[in-house]
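Below are the chains, spelled out letter by letter.
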Amino acid sequence: MKFPPVKSFYVYPGLVLFYANVIVVFHSVVVTAISQPNNINITVPAVIAFGDSMLDPGNNDYIITKVKANFKPYGRDFFEGKPTGRFSNGKILSDFFVENAGVKELLSPYLDPNLQLQDLLTGVSFASAGSGYDHVTNIIASVLSLEDQLEMFKDYIEKLKVGVGEEKTALVLAKSIFLLSMGSNDVSERYSVTAFRRFHYDINEYTSMLVNESSKFQKELYQLGARRIGVFSLNPVGCLPLQRTINGGTERVCAESVNQAAMIFNSKLSSAIKDLNKQLPEARLVYLDIYFETLPYIQSPSLFGKFLGLTIFTNELIAHGSGFEVEDEGCCGIFNVESGPLCNPFQLKICTDASKYVFWDAYHTTEKTTQILCSRIIEKNFYKFF
């Protein structure tokens, strides 16, 4: 099935630096996208992630919190069926992004005690599942706030300086891609499910507060040496199985008020990123829309679930496998509110084929959905970092 001419980027190892007995590989990438017709040569030494469960490969395994996914059936379709703390049946967004960027196959959690210097040089994730821009979200969930993640990042920088020196550390930071995904726990849970924040803010005030926190964090990353920063929008959180169950009525439709809140946040976030690009002269801040990329898979799952994105070295999208069959329920959970500890081996319902589902549990997408979304997001936005 042919589509308008589009080429994905392809990857090959480029510049190799030998420093302090460590090999630092800068991966050269050639990118062609719909709105960027000419090939450009770029280097991506690392991908570094901050935020929530979309980008957390297991940091919560190493802190005291109930927000964990280091047990089955999580990781069922991961390597050797091993649960790693990823809120998925397999890989998550940070894994697909670092893989598609040509850096490495998986992004490791920074708190993993087995990390080596080479792991640090190619990027890690500081993200913590359940976290939010709202400090109340982090306190209730007992997870790592953005302030906590920033302190860990400062520690990471010092480790790089010891390993390869200040000059190479500065180069790695300047050339790497930084990812930030946060806000869904604030909007879909802290504001929409519980009433606490609604006593203090209306939705415009609340989303403005969240976006201000995001902008503050991006500035702090910039001051520490980051230049290429991608910030994900919220997805259509009103269509999560959990929201359908709580706010979707007897027919479990998407909760439009929650989706509207997400769109208000996204609009403000997009505008704030444009303003920051003007304020920070060397920055390439990129708004990564995931809302309108996700929506088609919910509205027309049988059609859109067939496409796993661009084929390598071609100008065609390829129809691969079957489409989604279930978009309003999670693969794990009979009541469609299950996530984390409630999605466990004793569940009465755990589907046999997660690739037929848009969602893995009541809150998180399946590996297949995430792979498709990452392919589409990179196709449309990767060149903007350069």
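Rules behind the numbers
- Residues numbered from 1 in each chain as written.
- Predicted model: local features only at pLDDT ≥ 70, side-chain atom pairs only at ≥ 80, totals over all residues.
- Heavy atoms only, no water.
- Helix = DSSP H or I, 4+ residues; strand = E, 2+ residues; numbered from the N terminus.
- Buried < 20%, exposed > 50% of the residue type's maximum accessible area, 1.4 Å probe, protein only.
- Contact = heavy atoms within 4.5 Å.
- Areas by Shrake-Rupley, 256 points an atom, 1.4 Å probe, with all protein chains shown as cover.
- Salt bridge = Lys/Arg side-chain N within 4 Å of Asp/Glu carboxyl O.
- Patch = residues over 30% accessible without salt bridge, like charges linked within 9 Å, V, L, I, M, F, W, Y side chains within 5 Å.
- Axes fitted to C-alpha atoms, helices over the stretch in contact; angles between N-to-C directions.
- Parallel < 35°, antiparallel > 145°, perpendicular 65-115°, else oblique.
- Nonpolar A, V, L, I, M, F, W, Y, C, P; charged D, E, K, R; others polar.
- Expected span 1.5 Å × (residues − 1).
- Core = buried A, V, L, I, M, F, W, Y, C linked by side-chain atoms within 4.5 Å.
- pLDDT = per-residue confidence, 0-100.
- Arc of directions from axis to C-beta.
- Disulfide = S-S within 2.5 Å.
- Pairing = 2+ DSSP bridges.
- Phe/Tyr/Trp six-rings, centres within 6.5 Å; stacked < 30°, edge-to-face > 60°.
- Lys NZ or Arg CZ within 6 Å of the ring centre and 35° of its normal.

### Quick look at the overall build of the protein
Across its full length, the protein holds 12 helices and 13 strands. Considering the protein as a whole, with its 386 residues, one finds that 60% of them fall into the buried category. For the protein, long-range pairs separated by at least 24 residues make up 69% of all intrachain contacts whose partners lie at least 6 apart in sequence. Accessible surface, the protein: about 16100 Å² in total, of which carbon and sulfur atoms supply 55%.

### Some words on the pattern of salt bridges
On inspection of all chains with the given rule, the structure shows 14 salt bridges. In this structure, the salt-bridge partner of R197 is D134, at a minimum N-O distance of 2.8 Å. Remark: D134 occurs in the loop between β6 (124-125) and α3 (135-141) and R197 occurs in the loop between α6 (184-191) and α7 (203-223); sequence separation between them is 63 residues. Among the residues examined, D134 registers a relative accessible area of 0% and is labelled buried. Of the charged contacts in the structure, one is a salt bridge between E379 and R376, with a shortest N-O distance of 2.8 Å. Of this pair, E379 and R376 both sit in helix α12 (residues 367-381), separated by 3 residues, roughly a single helical turn.

### Considerations on a nonpolar patch on the surface
Together, V193, I246, I334, F335, V337 and L348 give the surface a local cluster of nonpolar side chains, amounting to about 570 Å² of exposed area. The residue V337 is located in the loop between β12 (326-330) and β13 (357-359) in this model. We classify V337 as partly exposed; its relative accessible area is 33%.

### Describing the packing of helix α4 (residues 146-164) against α7
Between α4 and α7, the shortest axis-to-axis distance is 11 Å and the interhelical angle comes to 5°. By the angle class used here, α4 and α7 are roughly parallel. Every residue of α7 that contacts α4 at L146, E147, L150 and F153 is listed here: E213, F217, E220 and L221. By residue class, the composition of the contact of α4 with α7 is 5 nonpolar, no polar and 3 charged.

### Thoughts on helix α9 (residues 256-279)
With 24 residues, α9 should cover 34 Å at 1.5 Å per step; its first-to-last C-alpha distance of 35 Å lies within 8% of that length. When α9 is considered as a whole, its buried residues turn out to be V258, N259, A261, A262, I264, F265, N266, L269, S270, A272, I273 and L276.

### Concerning the nonpolar core
F153 and Y156 are the most contacted members of the largest nonpolar core, which has 93 residues in total. Per-element tally for this core: the top contributor is α9, with 9 residues. If you look at the next biggest cluster of nonpolar residues, it comprises 12 residues, including Y74, F87, A129 and W360.

### Thoughts on the confidence of the model for the protein
Interpreting fine coordinate detail is not advised for predicted regions of low pLDDT. On average, the protein scores 87 in pLDDT, and the residues at 70 or more come to 85%. Below pLDDT 50 for its whole length, residues 1-38 participates in 104 contacts with residues either more than four positions away or in separate chains. Confidence drops under a pLDDT of 50 for residues 307-320, and excluding neighbours within four residues, the segment shows 45 contacts in the predicted structure.

### Some details on α4
For α4, spanning 19 residues, the distance from its first C-alpha to its last is 26 Å, which sits close to the expected 27 Å at 1.5 Å a residue. Among the residues making up α4, those that are buried are L146, Q149, L150, M152, F153, Y156, I157, L160, G163 and V164. With its buried residues spanning 160° around the axis, α4 presents them on a single face.

### Overview of the state of the cysteines
Under the definition given, this model contains 3 disulfides. Paired through a disulfide, C239 and C254 show a sulfur-sulfur distance of 2.1 Å. Residues C239 and C254 are joined through a disulfide that is right-handed, its torsion about the S-S bond being 115°. Linking C239 in the loop between β8 (228-232) and α8 (241-247) with C254 in the loop between α8 and α9, this pair joins segments that are 15 residues apart in sequence. The pair C239 / C254 is uniform in exposure class, with both members buried. Disulfides within the protein link the bonded cysteines, taken in sequence order, as 1-2, 3-6, 4-5.

### Focus: the pairing of strand β7 (residues 177-181)
In terms of residue burial, β7 counts as a mostly covered element, since 5 of its 5 residues are buried. Burial along β7 is two-sided: I177, L179 and S181 facing one way and F178 and L180 facing the other are all buried. As judged from the 5 bridges shared by strand β4 (residues 47-51) and β7, these two strands associate in the parallel manner. Residue pairing in the sheet places I48 in a bridge with F178 of β7.

### Let's talk about the packing of aromatic side chains
In total, this model carries 23 aromatic pairs according to the counting rule given. For the ring pair F50 and F153, a centre distance of 5.5 Å and an interplane angle of 85° mean the geometry is edge-to-face. Note that F50 is positioned in strand β4 and F153 in helix α4, a separation of 103 residues in sequence. Its relative accessible area of 0% is what places F50 among the buried residues. Taken together, F50, Y110, F126, F153, Y156, F178 and F217 form an aromatic cluster joined through their ring pairs. Taking the ring centre of Y222 as reference, the NZ or CZ of R227 above it sits at 3.8 Å.

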